Amino acid sequence: MLNSNLDAIVPILCVVLAALAVMAAKAFRAPGERMPMGGLGIVGLVGAAASAVLLWNRNATSFGVIVADNFGLFVTMVLVIVGILTIMFSLVVVRRDGMPEGEYYALVLFALVGMIMMATASDLLVIFVALEILSLSVYVLTGIRRDDPRGTEAALKYFLLGAFSSAFFLYGIAFTYGLSGSTRLDRIGAYLAAQSMSDNPLVLVAVGLLFVGFAFKISAVPFHMWTPDAYEGAPAVVTGFMSTGVKAAAFAAFARVFLSAFEPFSAQWAPVIWVLAAATMILGTVVGVAQSNLKRMLAYSSIAHSGYLLVGLVAA
């Protein structure tokens, strides 16, 4: 690389350039002309996967806030696979349902940009920016079928509750910055390690607020109520994208924040996550059995899977 400070963000840049190429193709194509917009997205994702492979074991860092360690690169490759499969499944669906082709593929790619940023960010503010990039794209994808009232209702519910959870997350970042004087995860971890024997209640407030923001994204009980409606109203291919990519990115950021920055206070937050994991597994499984709609059953199955993943977070 010409500038080693840019190495860690190369996978993100590949996907961003693919999204911009799709937007340009949409803007400049002749009326009625068919262009392989999905193919442009796949090319960008293949480039992101290749750069992730080349960065393996290098622990590259960009600007001190994006870390291409093996954990982040593994999640990046998972997200690339999810993105390629989503685009391949969408090639027929987009034309069959009359969805706006250029906007659809651009939104999928920008959502993947936010997901990869979440998986590799080492700064709370960058995680928040990535979360908003991801969320805004998925809100629109949920209601992209403009003539479907269920999709519009689902997108509105998702947007309102998502904005509510983002406020909790941002407030948690503010408390964390007020305590430690930094939003960098390594510096927060060093400060909290020095304060691990103190009983400062503001630390628990910050942890609780951040947890609410993450719990909404991973559909943990009791922050799961948006999930069945959003999954039911979104196009089937978008439902699959939400149930895999969004959850993988959210759990990657969740694990990075709680198992590094807030690890010194794990004795306080681990029992809470243990209880929520049990509740999430039980509710997702029991209520999912009673569903007659396939998408709602998938939603509750996804909620149960969040509980299983939370068990791993506690065990770590």
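From a predicted model like this one, the values you see are computed outputs, not experimental measurements. (Residues numbered from 1 in each chain as written. Predicted model: local features only at pLDDT ≥ 70, side-chain atom pairs only at ≥ 80, totals over all residues. Heavy atoms only, no water.)

K.L.:
An account of the overall build of the chain is requested, with residue identities and associated values reported.
P.N.:
Of regular secondary structure, the chain possesses 12 helices and 2 strands. Along the chain, helices and strands appear, N-terminal first, in the series α-α-β-β-α-α-α-α-α-α-α-α-α-α. Against the compact-globule benchmark of 20 Å for 316 residues, the chain has a radius of gyration of 20 Å, which places it among compact chains. Taking the principal axes of its C-alpha atoms as reference, the chain extends roughly 65 × 55 × 30 Å. Expressed as a percentage of the 316 residues in the chain, the buried residues total 53%. Contacts in the chain between residues far apart in sequence, at least 24 positions, make up 75% of those at least 6 positions apart. Put simply, the chain has 17 plus and 16 minus side-chain charges, and the middle of one group is 6 Å from the middle of the other. (Helix = DSSP H or I, 4+ residues; strand = E, 2+ residues; numbered from the N terminus. Rg over C-alpha atoms; globule rule 2.2 N^0.38 Å. Buried < 20%, exposed > 50% of the residue type's maximum accessible area, 1.4 Å probe, protein only. Contact = heavy atoms within 4.5 Å. Lys, Arg positive; Asp, Glu negative; His and termini not counted. Charge placed at Lys NZ, Arg CZ, Asp CG, Glu CD.)

K.L.:
How would you explain the packing of helix α3 (residues 70-97) against helix α4 (residues 101-120) if you had to name every residue and give the values?
P.N.:
Viewed as axis vectors pointing N to C, α3 and α4 meet at an angle of 170 degrees, and their least axial separation amounts to 10 Å. Looking at the two axes, α3 sits roughly antiparallel to α4. Of the two elements, α3 crosses α4, and the hand of that crossing is right-handed. For the pair formed by α3 and α4, the contact residues are G72, V75, T76, L79, G83, T86, I87, S90, L91, V94 and R95 on the first element and E101, Y104, Y105, V108, L109, L112, M115, I116, A119 and T120 on the second. (Axes fitted to C-alpha atoms, helices over the stretch in contact; angles between N-to-C directions. Parallel < 35°, antiparallel > 145°, perpendicular 65-115°, else oblique. Left-handed = near helix turned anticlockwise from the far one by under 90°.)

K.L.:
Now, about the packing of aromatic side chains: what can you tell me, with residues and values included?
P.N.:
Any aromatic ring pair is given by two values, namely how distant the centres are and how the planes are angled relative to each other. Applying the stated criterion to the full structure yields 19 aromatic pairs. Aromatic pair F164 and F168: ring centres 5.1 Å apart, planes at 80 degrees, arrangement edge-to-face. A residue pair is termed a helical-turn pair when its members lie 3 or 4 positions apart in one helix, as F164 and F168 do in helix α6 (residues 149-180) at 4 residues. Classification of F164 as exposed rests on a relative accessible area of 52%. Here F168 falls in the partly exposed class, since its relative accessible area comes to 27%. Ring geometry for Y171 versus F175: centroids 5.0 Å apart, planes at 65 degrees, classification edge-to-face. Separated by 4 residues within a single helix, Y171 and F175 lie in helix α6, roughly one turn from each other. Relative accessible area serves as the criterion here: at 22%, F175 is assigned to the partly exposed category. Pairwise contacts between aromatic rings join F128, F169, F211, F214, F251, F254, F258, F262 and W269 into one cluster. (Phe/Tyr/Trp six-rings, centres within 6.5 Å; stacked < 30°, edge-to-face > 60°.)

K.L.:
Any chance you could break down the packing of helix α10 (residues 236-261) against helix α12 (residues 294-315) for me, citing the residues and the numbers?
P.N.:
In contact at an axis separation of 11 Å, α10 and α12 are set at 15 degrees when each is read in the N-to-C sense. Judged by the angle between their axes, α10 and α12 are roughly parallel. Read as a crossing pair, α10 and α12 show a hand that is right-handed. Here A236, T239, S243, K247, F251, F254, A255 and L259 of α10 come into contact with α12, specifically with K295, L298, S302, S306, L309, L310 and L313. Taken together, the residues of the contact of α10 with α12 break down into 9 nonpolar, 4 polar and 2 charged. (Nonpolar A, V, L, I, M, F, W, Y, C, P; charged D, E, K, R; others polar.)

K.L.:
So, the nonpolar core: which residues are in play, and what are the values?
P.N.:
If you look at the biggest cluster of nonpolar residues, it comprises 99 residues, and the most contacted ones within it are Y104 and M242. Here this core gets 15 residues from one element, more than from any other, and that element is α10. Among all residues touching Y104, those that are not within four sequence positions of it are T86, S90, V94, M99, L141, I144, V237 and V238. (Core = buried A, V, L, I, M, F, W, Y, C linked by side-chain atoms within 4.5 Å.)

K.L.:
Lay out the side chain of S51 with the relevant residues and their values.
P.N.:
Mapped onto the elements, S51 comes out in helix α2 (residues 37-54). Setting aside chain neighbours within four positions, we find S51 in contact with V10, P11 and C14.

K.L.:
A description of the side chain of T183 should follow, citing residues and the corresponding values.
P.N.:
Mapped onto the elements, T183 comes out in the loop between α6 and α7 (185-194). Residue classification places T183 among the buried positions, given a relative accessible area of 12%. One polar contact links T183 to D123, side chain to side chain, over a distance of 2.9 Å. Each residue touching T183, except ones within four places of it in the same chain, is listed here: S122, D123, L124, L125, I173, Y177 and I188. (Polar contact = N/O pair within 3.5 Å; in protein donor to acceptor, adjacent residues only side chain to side chain.)

K.L.:
Describe unusual backbone geometry, naming the residues involved and giving the relevant values.
P.N.:
Cis geometry is found at the peptide bond from V221 to P222, where omega equals 5 degrees. Within the secondary structure, P222 sits in the loop between α8 (201-218) and α9 (226-233). Within the chain, N57 stands out as a residue other than glycine whose phi angle is a positive 70 degrees. Examined against the element boundaries, N57 turns out to sit in the loop between α2 and β1 (60-62). Exposure remark for N57: the relative accessible area of 56% places this residue in the exposed category. Phi angles above zero are rare outside glycine, and N59 is one such case at about 50 degrees.

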